[in-house]
Amino acid sequence: QPPKPNMMMNGLGGDNMNSTLNSTQQNPANVDATQFTLNARCQIAPGARRGSVAFVGDVPDIPGGGLWIGIRLDEPLGKHNGTIKGNFYFEAPDRHGTFVRPAHVTLGDFPERDYFDDEDDDEM
């Protein structure tokens, strides 16, 4: 039977993220997982892709273990829809989901880009 996603970490069952991150093996960089709140806007590197935090925790389906941040991207620049190997971690449209290490995530006021917004009013 495949592992079930940690409901405490993906926002479906609570908000106590430290309950499962209690050893340096699971969180080798000692990153404070509580800084990553669900739906927080972010930008990830490389590529300056923008989106929102959708999952925080261990993802047994990704080799290496440890803390992963699931991002629901604004644009279809991801690898999946929040499901890996048939296991649901978060909901996202196709190709709008990705997992990254915390070091690649910058939290902040990153609004969705409007690629059709022309700042130069002199052009038609």
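Model, not experiment: these values are computed from the prediction.

Draft legend 1. Inspection of the overall build of the protein at higher detail. Each helix and strand in the protein was counted, giving zero helices and seven strands. In the protein, the order of α-helices and β-strands from amino to carboxyl end is β-β-β-β-β-β-β. Counting all 124 residues of the protein, 38% fall into the buried class. A separation threshold of at least 6 residues defines the contact pool for the protein, and within that pool the share at least 24 residues apart is 49%.

Draft legend 2. The arrangement of the pairing of strand β1 (residues 41-44) in detail. Sheet topology note: the β1/strand β2 (residues 49-57) ladder contains four bridges and is antiparallel. Bridging from a neighbouring strand, Ile44 pairs with Arg49 of β2. A loop of four residues connects β1 with β2, the two strands running antiparallel in sequence, and Gly47 in this loop sits at a positive phi of about 100°.

Draft legend 3. Spotlight on the nonpolar core. Core analysis: the largest hydrophobic core is formed by 13 residues, its most contacted members being Val53, Val56, Ile69, Ile71 and Val105. Within the residue set of this core, elements represented by two or more residues are β1, β2 and β3 (68-73). Ranked by residue count, the leading element in this core is β3, at three residues. For Val105, the contacting residues outside a window of four places in its chain are Phe36, Cys42, Gln43, Ile44, Ile69, Ile71 and Val100.

What counts, and at which threshold
Residues numbered from 1 in each chain as written. Predicted model: local features only at pLDDT ≥ 70, side-chain atom pairs only at ≥ 80, totals over all residues. Heavy atoms only, no water. Helix = DSSP H or I, 4+ residues; strand = E, 2+ residues; numbered from the N terminus. Buried < 20%, exposed > 50% of the residue type's maximum accessible area, 1.4 Å probe, protein only. Contact = heavy atoms within 4.5 Å. Pairing = 2+ DSSP bridges. Core = buried A, V, L, I, M, F, W, Y, C linked by side-chain atoms within 4.5 Å.

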